[in-house]
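# Commentary on secondary and tertiary structure
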Amino acid sequence: MMSVYMNCKPVAVSVMETHVAAPKARLPLRPPSLTAPRAKASTRSSLVKPAGARLMFFGARHTHRGPVEIRAQDSGTGVAEDADEEGDKPSWMKKLQKRENKVEEATQQVKETVEELLPKYLAEAKALAGQTDAASMQANVDKQLGARINGSVAALKHGLVERDTEVRLMLLATLCGEHLLLLGPPGTAKSELSRRLSKICQGQYFERLLTRFSVPEELFGPLSMKGLEEDRFERKITGYLPVATVAFIDEIFKANSAILNSLLSILNERVFDNGSERIDVPLICMVGASNELPESEELDALYDRFLLRRNVSQVSSENISQLLNIAGSEGSVDGTTFDDLDLTDGPIISLEELRMVRNQALAVTKVPQDIVDLLGDMRTFLQEKCEPPIYVSDRRLVKTVS
(Lines give C-alpha, C1' and ligand atoms only; values in the text may rest on other atoms or scores of the structure.)
Protein backbone atom coordinates (compact mmCIF):
# COMPACT_ATOMS: atom_id res chain seq x y z
CA MET A 1 0.00 0.00 0.00
CA MET A 2 1.23 3.50 -0.70
CA SER A 3 -0.06 6.97 -0.23
CA VAL A 4 -0.04 9.23 -3.27
CA TYR A 5 -1.58 12.52 -4.25
CA MET A 6 -3.89 12.64 -7.18
CA ASN A 7 -5.48 15.84 -8.29
CA CYS A 8 -4.18 17.42 -5.06
CA LYS A 9 -6.09 14.95 -2.95
CA PRO A 10 -4.36 12.44 -0.69
CA VAL A 11 -5.29 8.87 -1.42
CA ALA A 12 -3.90 5.48 -0.48
CA VAL A 13 -2.82 3.15 -3.27
CA SER A 14 -2.71 -0.65 -2.89
CA VAL A 15 -0.43 -2.42 -5.30
CA MET A 16 -1.53 -5.97 -5.93
CA GLU A 17 1.22 -8.50 -5.90
CA THR A 18 0.84 -9.63 -9.53
CA HIS A 19 3.30 -9.86 -12.34
CA VAL A 20 3.29 -6.17 -13.18
CA ALA A 21 6.53 -4.30 -13.46
CA ALA A 22 6.90 -1.41 -11.07
CA PRO A 23 6.76 1.97 -12.72
CA LYS A 24 10.11 3.46 -13.48
CA ALA A 25 9.09 7.01 -12.73
CA ARG A 26 8.90 8.05 -9.07
CA LEU A 27 5.59 9.11 -7.68
CA PRO A 28 5.34 12.71 -6.45
CA LEU A 29 6.31 12.91 -2.79
CA ARG A 30 5.80 16.61 -2.10
CA PRO A 31 2.76 17.11 0.15
CA PRO A 32 0.27 19.76 -0.73
CA SER A 33 0.53 23.10 0.96
CA LEU A 34 -1.46 23.50 4.14
CA THR A 35 -2.63 26.84 2.88
CA ALA A 36 -4.31 25.26 -0.12
CA PRO A 37 -7.80 26.49 -0.81
CA ARG A 38 -10.45 24.78 1.26
CA ALA A 39 -13.17 22.75 -0.36
CA LYS A 40 -16.67 23.99 -0.40
CA ALA A 41 -18.94 23.20 2.46
CA SER A 42 -20.86 20.68 0.34
CA THR A 43 -17.71 18.83 -0.62
CA ARG A 44 -16.06 17.01 2.29
CA SER A 45 -12.41 16.23 1.78
CA SER A 46 -9.71 14.85 4.01
CA LEU A 47 -6.45 16.63 4.69
CA VAL A 48 -3.39 14.72 5.79
CA LYS A 49 -1.49 16.22 8.79
CA PRO A 50 2.08 17.13 7.97
CA ALA A 51 3.28 15.17 10.98
CA GLY A 52 1.32 12.09 9.99
CA ALA A 53 1.87 12.09 6.23
CA ARG A 54 3.86 9.13 4.99
CA LEU A 55 4.42 7.13 1.80
CA MET A 56 4.54 3.38 1.90
CA PHE A 57 5.71 1.08 -0.87
CA PHE A 58 5.28 -2.65 -0.89
CA GLY A 59 6.73 -4.80 -3.60
CA ALA A 60 8.14 -1.87 -5.52
CA ARG A 61 10.50 -4.18 -7.43
CA HIS A 62 7.88 -6.75 -8.32
CA THR A 63 6.75 -6.99 -11.93
CA HIS A 64 3.06 -6.19 -12.09
CA ARG A 65 0.90 -5.45 -15.08
CA GLY A 66 -2.49 -6.18 -13.64
CA PRO A 67 -5.07 -3.69 -12.56
CA VAL A 68 -4.17 -1.27 -9.86
CA GLU A 69 -6.67 -0.72 -7.08
CA ILE A 70 -6.81 2.80 -5.86
CA ARG A 71 -8.91 3.60 -2.82
CA ALA A 72 -9.10 6.31 -0.27
CA GLN A 73 -8.11 5.36 3.27
CA ASP A 74 -8.30 7.22 6.54
CA SER A 75 -4.96 6.89 8.26
CA GLY A 76 -6.32 7.89 11.72
CA THR A 77 -3.92 10.43 13.16
CA GLY A 78 -2.82 11.53 9.77
CA VAL A 79 -6.19 13.04 8.79
CA ALA A 80 -7.47 16.24 10.29
CA GLU A 81 -11.11 17.00 10.76
CA ASP A 82 -12.85 19.31 8.33
CA ALA A 83 -13.28 22.92 9.23
CA ASP A 84 -16.81 23.73 10.31
CA GLU A 85 -16.80 27.24 9.04
CA GLU A 86 -14.54 29.32 6.98
CA GLY A 87 -11.93 30.98 9.10
CA ASP A 88 -11.90 28.25 11.80
CA LYS A 89 -8.51 26.87 12.83
CA PRO A 90 -7.67 23.27 12.09
CA SER A 91 -7.69 20.79 14.97
CA TRP A 92 -3.90 20.54 15.26
CA MET A 93 -3.68 24.28 15.79
CA LYS A 94 -6.44 24.05 18.37
CA LYS A 95 -4.57 21.32 20.21
CA LEU A 96 -1.38 23.37 20.06
CA GLN A 97 -3.25 26.34 21.46
CA LYS A 98 -4.67 24.20 24.29
CA ARG A 99 -1.19 22.94 25.08
CA GLU A 100 0.16 26.49 25.20
CA ASN A 101 -2.73 27.52 27.44
CA LYS A 102 -1.96 24.67 29.85
CA VAL A 103 1.71 25.66 29.93
CA GLU A 104 0.75 29.25 30.67
CA GLU A 105 -1.62 28.15 33.44
CA ALA A 106 1.07 25.94 35.00
CA THR A 107 3.56 28.80 34.82
CA GLN A 108 1.10 31.13 36.50
CA GLN A 109 0.50 28.57 39.26
CA VAL A 110 4.24 28.25 39.85
CA LYS A 111 4.58 32.04 40.08
CA GLU A 112 1.74 32.26 42.59
CA THR A 113 3.22 29.43 44.67
CA VAL A 114 6.64 31.08 44.69
CA GLU A 115 5.12 34.44 45.67
CA GLU A 116 3.22 32.74 48.49
CA LEU A 117 6.03 30.57 49.90
CA LEU A 118 9.10 32.72 49.26
CA PRO A 119 8.47 35.21 52.11
CA LYS A 120 7.94 32.32 54.51
CA TYR A 121 11.18 30.62 53.49
CA LEU A 122 13.08 33.90 53.64
CA ALA A 123 11.74 34.54 57.14
CA GLU A 124 12.78 31.05 58.25
CA ALA A 125 16.24 31.53 56.76
CA LYS A 126 16.56 34.89 58.51
CA ALA A 127 15.45 33.39 61.81
CA LEU A 128 17.93 30.54 61.39
CA ALA A 129 20.67 33.03 60.65
CA GLY A 130 19.63 34.99 63.75
CA GLN A 131 19.79 31.86 65.87
CA THR A 132 23.22 31.10 64.48
CA ASP A 133 24.36 34.63 65.29
CA ALA A 134 22.84 34.37 68.78
CA ALA A 135 24.55 31.04 69.37
CA SER A 136 27.82 32.50 68.14
CA MET A 137 27.41 35.52 70.40
CA GLN A 138 26.56 33.28 73.36
CA ALA A 139 29.63 31.15 72.68
CA ASN A 140 31.72 34.32 72.57
CA VAL A 141 30.20 35.49 75.86
CA ASP A 142 30.88 32.12 77.47
CA LYS A 143 34.46 32.24 76.23
CA GLN A 144 34.98 35.73 77.67
CA LEU A 145 33.35 34.69 80.95
CA GLY A 146 35.65 31.68 81.20
CA ALA A 147 38.62 33.98 80.68
CA ARG A 148 37.33 36.26 83.44
CA ILE A 149 36.98 33.36 85.87
CA ASN A 150 40.53 32.21 85.11
CA GLY A 151 41.71 35.78 85.58
CA SER A 152 39.95 35.89 88.95
CA VAL A 153 41.72 32.72 90.07
CA ALA A 154 45.08 34.17 89.04
CA ALA A 155 44.38 37.44 90.84
CA LEU A 156 43.23 35.75 94.04
CA LYS A 157 46.32 33.60 94.41
CA HIS A 158 48.78 36.24 93.22
CA GLY A 159 51.71 36.36 95.65
CA LEU A 160 50.37 33.48 97.79
CA VAL A 161 51.96 30.07 98.26
CA GLU A 162 50.04 26.79 98.60
CA ARG A 163 46.66 28.51 98.50
CA ASP A 164 45.39 27.33 95.14
CA THR A 165 42.74 25.03 96.65
CA GLU A 166 41.47 27.71 99.03
CA VAL A 167 41.25 30.23 96.17
CA ARG A 168 39.23 27.89 93.97
CA LEU A 169 36.91 26.92 96.81
CA MET A 170 36.27 30.57 97.60
CA LEU A 171 35.48 31.39 93.98
CA LEU A 172 33.29 28.29 93.73
CA ALA A 173 31.37 29.33 96.85
CA THR A 174 30.89 32.79 95.35
CA LEU A 175 29.60 31.42 92.04
CA CYS A 176 27.22 29.08 93.89
CA GLY A 177 26.03 31.72 96.33
CA GLU A 178 27.23 29.66 99.31
CA HIS A 179 29.60 30.27 102.21
CA LEU A 180 33.09 29.02 103.00
CA LEU A 181 34.50 28.08 106.39
CA LEU A 182 38.29 28.16 106.81
CA LEU A 183 39.66 26.34 109.83
CA GLY A 184 43.28 26.91 110.77
CA PRO A 185 45.79 28.79 112.87
CA PRO A 186 46.17 32.55 112.66
CA GLY A 187 48.37 34.07 109.97
CA THR A 188 47.48 31.70 107.14
CA ALA A 189 46.00 34.36 104.78
CA LYS A 190 42.35 33.59 105.58
CA SER A 191 41.28 37.22 105.82
CA GLU A 192 43.52 38.18 102.89
CA LEU A 193 41.60 35.88 100.56
CA SER A 194 38.30 37.51 101.55
CA ARG A 195 39.61 41.00 100.94
CA ARG A 196 40.89 39.99 97.53
CA LEU A 197 37.51 38.51 96.63
CA SER A 198 35.75 41.78 97.38
CA LYS A 199 38.29 43.68 95.29
CA ILE A 200 38.06 41.59 92.12
CA CYS A 201 34.26 41.96 92.02
CA GLN A 202 34.32 45.48 93.54
CA GLY A 203 31.54 44.67 95.97
CA GLN A 204 30.74 46.10 99.37
CA TYR A 205 33.08 44.45 101.88
CA PHE A 206 32.51 43.91 105.58
CA GLU A 207 34.97 42.41 108.08
CA ARG A 208 34.77 41.82 111.83
CA LEU A 209 36.57 39.88 114.54
CA LEU A 210 34.17 38.44 117.10
CA THR A 211 34.83 37.84 120.77
CA ARG A 212 32.73 36.52 123.60
CA PHE A 213 31.72 40.06 124.42
CA SER A 214 30.75 41.12 120.87
CA VAL A 215 27.34 42.79 120.61
CA PRO A 216 24.90 42.85 117.65
CA GLU A 217 25.69 46.50 116.97
CA GLU A 218 29.15 45.50 115.79
CA LEU A 219 27.68 43.46 112.93
CA PHE A 220 24.26 44.93 112.18
CA GLY A 221 24.72 48.60 113.01
CA PRO A 222 23.74 50.86 115.91
CA LEU A 223 20.19 51.60 116.93
CA SER A 224 18.58 54.63 115.36
CA MET A 225 18.03 57.31 117.98
CA LYS A 226 15.46 59.03 115.81
CA GLY A 227 13.61 55.76 115.47
CA LEU A 228 13.61 55.26 119.24
CA GLU A 229 12.10 58.72 119.67
CA GLU A 230 9.31 57.59 117.37
CA ASP A 231 8.95 54.24 119.18
CA ARG A 232 10.62 52.30 116.36
CA PHE A 233 13.32 49.74 116.99
CA GLU A 234 15.52 50.16 113.91
CA ARG A 235 19.21 50.03 113.15
CA LYS A 236 21.35 52.17 110.91
CA ILE A 237 22.68 49.42 108.67
CA THR A 238 24.71 51.50 106.22
CA GLY A 239 28.29 50.15 106.13
CA TYR A 240 27.45 47.02 108.10
CA LEU A 241 26.77 43.37 107.34
CA PRO A 242 23.15 43.76 106.05
CA VAL A 243 24.39 45.78 103.03
CA ALA A 244 27.61 43.85 102.29
CA THR A 245 28.14 41.62 99.25
CA VAL A 246 31.28 39.90 100.59
CA ALA A 247 31.92 39.45 104.28
CA PHE A 248 34.65 37.98 106.44
CA ILE A 249 33.91 37.08 110.06
CA ASP A 250 36.92 35.93 112.03
CA GLU A 251 36.44 33.70 115.09
CA ILE A 252 32.86 33.23 113.98
CA PHE A 253 32.07 30.53 116.55
CA LYS A 254 32.51 33.05 119.36
CA ALA A 255 29.23 34.65 118.39
CA ASN A 256 26.66 34.75 121.21
CA SER A 257 22.98 33.95 120.95
CA ALA A 258 22.01 37.60 120.40
CA ILE A 259 24.13 37.64 117.23
CA LEU A 260 23.24 34.15 116.05
CA ASN A 261 19.52 34.82 115.58
CA SER A 262 20.06 37.50 112.95
CA LEU A 263 23.20 35.92 111.51
CA LEU A 264 21.45 32.65 110.65
CA SER A 265 18.74 34.44 108.67
CA ILE A 266 21.33 36.41 106.70
CA LEU A 267 23.36 33.31 105.84
CA ASN A 268 20.48 31.09 104.78
CA GLU A 269 17.45 33.17 103.71
CA ARG A 270 19.44 36.36 102.82
CA VAL A 271 17.06 38.52 104.84
CA PHE A 272 17.49 40.82 107.85
CA ASP A 273 14.77 41.91 110.26
CA ASN A 274 15.30 45.60 110.90
CA GLY A 275 12.67 46.37 113.46
CA SER A 276 9.26 45.62 111.95
CA GLU A 277 10.65 45.57 108.41
CA ARG A 278 12.26 42.56 106.72
CA ILE A 279 14.78 43.55 104.07
CA ASP A 280 16.74 41.53 101.52
CA VAL A 281 20.51 41.52 101.87
CA PRO A 282 22.86 41.48 98.83
CA LEU A 283 25.30 39.04 100.44
CA ILE A 284 26.91 36.70 97.89
CA CYS A 285 29.48 34.93 100.02
CA MET A 286 30.57 34.98 103.62
CA VAL A 287 33.94 33.59 104.62
CA GLY A 288 34.04 32.43 108.18
CA ALA A 289 37.31 31.70 109.96
CA SER A 290 38.03 29.93 113.20
CA ASN A 291 40.90 28.30 115.01
CA GLU A 292 38.70 25.51 116.36
CA LEU A 293 35.48 23.64 115.73
CA PRO A 294 32.33 24.63 117.62
CA GLU A 295 31.80 22.83 120.91
CA SER A 296 28.40 24.16 121.91
CA GLU A 297 25.23 22.65 120.43
CA GLU A 298 23.76 26.09 119.86
CA LEU A 299 26.49 26.66 117.27
CA ASP A 300 25.61 23.54 115.25
CA ALA A 301 23.07 25.48 113.20
CA LEU A 302 25.70 28.08 112.34
CA TYR A 303 28.22 25.38 111.47
CA ASP A 304 25.66 23.73 109.19
CA ARG A 305 25.21 26.95 107.18
CA PHE A 306 28.72 26.63 105.70
CA LEU A 307 28.42 24.22 102.78
CA LEU A 308 32.15 24.34 101.95
CA ARG A 309 34.77 23.77 104.64
CA ARG A 310 38.53 23.72 104.39
CA ASN A 311 41.39 23.13 106.81
CA VAL A 312 44.13 25.69 106.16
CA SER A 313 47.65 24.78 107.19
CA GLN A 314 50.91 26.65 107.29
CA VAL A 315 53.15 26.70 104.25
CA SER A 316 55.13 23.48 104.06
CA SER A 317 58.86 23.39 104.64
CA GLU A 318 59.44 22.61 100.95
CA ASN A 319 57.93 25.94 99.88
CA ILE A 320 58.89 28.17 102.78
CA SER A 321 61.84 29.56 100.83
CA GLN A 322 59.51 30.53 97.97
CA LEU A 323 57.25 32.37 100.42
CA LEU A 324 60.20 34.26 101.88
CA ASN A 325 61.52 35.19 98.44
CA ILE A 326 58.14 36.59 97.45
CA ALA A 327 57.86 38.52 100.69
CA GLY A 328 61.39 39.89 100.29
CA SER A 329 61.05 40.97 96.65
CA GLU A 330 57.39 41.93 96.22
CA GLY A 331 56.06 42.48 99.70
CA SER A 332 54.26 40.55 102.38
CA VAL A 333 51.14 38.44 101.96
CA ASP A 334 48.97 40.96 103.80
CA GLY A 335 47.73 42.54 100.60
CA THR A 336 50.69 44.71 99.61
CA THR A 337 51.32 42.87 96.36
CA PHE A 338 47.65 42.60 95.51
CA ASP A 339 47.04 46.32 95.86
CA ASP A 340 49.30 46.86 92.86
CA LEU A 341 46.84 45.02 90.61
CA ASP A 342 45.24 47.45 88.14
CA LEU A 343 41.44 47.38 88.48
CA THR A 344 40.74 50.85 87.11
CA ASP A 345 38.97 49.41 84.04
CA GLY A 346 36.39 47.71 86.23
CA PRO A 347 36.05 44.46 88.10
CA ILE A 348 37.64 41.30 86.80
CA ILE A 349 34.28 39.58 87.17
CA SER A 350 31.20 41.61 88.05
CA LEU A 351 28.44 40.76 90.52
CA GLU A 352 25.98 40.46 87.64
CA GLU A 353 28.20 37.90 85.94
CA LEU A 354 28.45 35.91 89.17
CA ARG A 355 24.66 35.77 89.43
CA MET A 356 24.33 34.95 85.73
CA VAL A 357 26.68 31.97 86.05
CA ARG A 358 24.70 30.63 88.98
CA ASN A 359 21.34 30.98 87.20
CA GLN A 360 22.59 29.38 84.00
CA ALA A 361 24.14 26.51 85.92
CA LEU A 362 20.84 25.82 87.66
CA ALA A 363 19.00 25.93 84.33
CA VAL A 364 21.20 23.52 82.36
CA THR A 365 22.73 21.23 84.96
CA LYS A 366 21.02 18.01 85.97
CA VAL A 367 22.62 15.82 88.60
CA PRO A 368 22.84 12.17 87.40
CA GLN A 369 20.88 9.60 89.34
CA ASP A 370 24.07 7.72 90.22
CA ILE A 371 25.39 10.81 92.01
CA VAL A 372 22.09 11.24 93.86
CA ASP A 373 22.19 7.62 95.03
CA LEU A 374 25.84 8.01 96.06
CA LEU A 375 25.04 11.06 98.19
CA GLY A 376 22.23 9.19 99.92
CA ASP A 377 24.48 6.21 100.67
CA MET A 378 27.20 8.54 101.93
CA ARG A 379 24.81 10.20 104.35
CA THR A 380 23.71 6.81 105.67
CA PHE A 381 27.32 5.76 106.14
CA LEU A 382 28.31 8.94 107.99
CA GLN A 383 25.37 8.85 110.35
CA GLU A 384 25.11 5.11 111.03
CA LYS A 385 28.52 3.53 110.55
CA CYS A 386 30.97 6.21 111.63
CA GLU A 387 32.21 6.59 115.21
CA PRO A 388 31.38 9.14 116.34
CA PRO A 389 28.42 9.66 113.95
CA ILE A 390 28.54 12.67 111.65
CA TYR A 391 25.20 14.44 111.34
CA VAL A 392 24.20 15.63 107.84
CA SER A 393 21.07 17.79 107.76
CA ASP A 394 18.46 17.69 105.02
CA ARG A 395 19.23 21.32 104.19
CA ARG A 396 22.90 20.56 103.66
CA LEU A 397 22.11 17.48 101.58
CA VAL A 398 19.74 19.41 99.33
CA LYS A 399 22.27 22.19 98.79
CA THR A 400 24.83 19.70 97.49
CA VAL A 401 22.68 19.17 94.38
CA SER A 402 21.09 22.60 94.05
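Quantities reported herein were computed from a predicted structural model and do not represent experimental measurements. Going along each chain's sequence as written, the residues are numbered from 1 onward. pLDDT decides what is reported in this predicted model: residues at 70 or higher carry local features, side-chain atom pairs at 80 or more are listed and counted, and totals for whole chains, interfaces and linings draw on all residues regardless. Just so you know, side-chain values use all the structure's heavy atoms and leave hydrogens and water out.

## Examining the sheet that holds strand 11 (residues 285-290)
- Pairing between strands is defined by DSSP: at least two bridges between them are needed. Secondary structure elements follow DSSP: runs of H or I no shorter than four residues count as helices, runs of E no shorter than two count as strands, and numbering proceeds from the N terminus. Taken in spatial order, the five strands make up an open sheet running 7-8-11-6-12, and their pairing is parallel. Looking at the sheet topology across the chains shown, the edges are occupied by strand 7 (205-209) and strand 12 (308-311). Each strand of the sheet is rotated relative to its neighbour by a mean of 15°, with strand direction disregarded.
- Bridge count between strand 6 (residues 180-183) and strand 12: four bridges; the pairing is parallel. Note that in strand 12 the partner of Leu 181 across the bridge is Arg 309.
- Two residues qualify as a contact provided that any one of their heavy atoms is within 4.5 Å of a heavy atom in the partner residue. Convention adopted: a line fitted to C-alpha atoms gives each axis, helices being fitted over their contacting stretch, and angles between N-to-C directions are expressed from 0 to 180 degrees. Strands strand 6, strand 7, strand 8 (246-250) and strand 11 of the sheet are contacted by helix 3 (residues 190-201), whose axis makes an angle of about 170° with strand 8.

## Considering the pattern of salt bridges
- Salt bridge, as used here: a side-chain nitrogen of Lys or Arg that lies within 4 Å of a carboxyl oxygen of Asp or Glu. Applying the stated criterion across every chain, the model contains 14 salt bridges.
- Asp 394 serves as the salt-bridge partner of Arg 379, at 2.7 Å between the closest nitrogen and oxygen. A residue pair is termed long-range when its members are at least 10 positions apart, and Arg 379 in helix 10 (residues 369-384) and Asp 394 in helix 11 (residues 394-399) qualify at 15 residues.
- Here the term buried applies to any residue with accessible area under 20% of the maximum for its type, exposed to any over 50%, and partly exposed to those in between, with areas from a 1.4 Å probe on protein chains only. Residue Arg 379 is classed as partly exposed on the basis of its relative accessible area, which comes to 22%.

## Some thoughts on a nonpolar patch on the surface
- Patch membership is restricted to residues that have no salt bridge and whose relative accessible area is over 30%. Joining uses 9 Å for like charges and 5 Å for the nonpolar side chains Val, Leu, Ile, Met, Phe, Trp and Tyr. Calculation of accessible area relied on Shrake-Rupley with a 1.4 Å probe; when residues are assessed, cover is drawn exclusively from the protein chains displayed. Taken together, the side chains of Val 110, Val 114, Leu 118 and Leu 122 define a hydrophobic patch exposed on the protein surface, amounting to about 350 Å² of accessible area.
- The topology assignment puts Val 114 in helix 1 (residues 91-156).

## Details of the state of the cysteines
- A pair of cysteine sulfur atoms is labelled a disulfide when the two atoms are within 2.5 Å. Scanning all chains against the criterion turns up zero disulfides.
- In this structure Cys 285 is a free cysteine whose sulfur lies 9.5 Å from that of Cys 201, the closest cysteine sulfur available.
- Residue class for Cys 285 comes out buried when judged on its relative accessible area of 0%.

## Comments concerning a positive patch on the surface
- In summary, the charge assignment counts Lys and Arg as positive and Asp and Glu as negative, without counting His or the chain termini. All charge positions are set by atom: Lys at NZ, Arg at CZ, Asp at CG, Glu at CD. Taken together, the side chains of Lys 94, Lys 95, Lys 98, Arg 99 and Lys 102 make up a positively charged region of the molecular surface.
- Examined against the element boundaries, Lys 98 turns out to sit in helix 1.
- For Lys 98, a relative accessible area of 56% translates into the label exposed.

## Brief notes about the packing of helix 2 (residues 164-176) against helix 9 (residues 351-364)
- Running from N to C, helix 2 and helix 9 point in directions that differ by 75°, and their axes come no closer than 7 Å. Between helix 2 and helix 9, the angle is such that the two are roughly perpendicular. Seen from helix 2, the contacting residues are Thr 174, Leu 175 and Cys 176; seen from helix 9, they are Leu 354, Val 357 and Arg 358.
- As a working rule, the residues Ala, Val, Leu, Ile, Met, Phe, Trp, Tyr, Cys and Pro are called nonpolar, Asp, Glu, Lys and Arg charged, and the rest polar, with Gly in that last group. Per-class residue counts for the contact of helix 2 with helix 9 are four nonpolar, one polar and one charged. We call two directions roughly parallel when the angle between them is under 35 degrees, roughly antiparallel when it is over 145, roughly perpendicular when it lies between 65 and 115, and oblique otherwise.

## A closer look at the packing of aromatic side chains
- Working definition: rings of Phe, Tyr and Trp (its six-membered ring) pair if their centres are within 6.5 Å, and the pair is stacked with planes under 30 degrees apart, edge-to-face with planes over 60 apart, and tilted otherwise. Under the counting rule described, the total for this entry stands at three aromatic pairs.
- Ring plane angle 45° and centroid distance 6.4 Å describe the contact between Phe 206 and Tyr 240, whose orientation is recorded as tilted. Here Phe 206 is found in strand 7, whereas its partner Tyr 240 is found in the loop between helix 5 (225-229) and strand 8, with 34 residues between them in sequence.
- Looking at Phe 206, the relative accessible area reads 3%, which means it is buried.
- Note on Tyr 240: relative accessible area 22%, which makes it partly exposed.
- Relative to Tyr 303, the ring of Phe 253 has its centre 6.0 Å away and its plane inclined at 55°; by these criteria the two rings are tilted. You can see Phe 253 sitting in the loop between strand 8 and helix 6 (257-268) and its partner Tyr 303 sitting in helix 7 (residues 300-304), a full 50 residues away along the chain.
- Look at Tyr 303 and you get partly exposed, because its relative accessible area is 21%.
- Just above the ring of Tyr 303 sits the side chain of Arg 309; from NZ or CZ to the centre is 3.7 Å. In this scheme, the term charge over a ring applies when either NZ of a lysine or CZ of an arginine sits within 6 Å of the ring centre and within 35 degrees of the ring normal.

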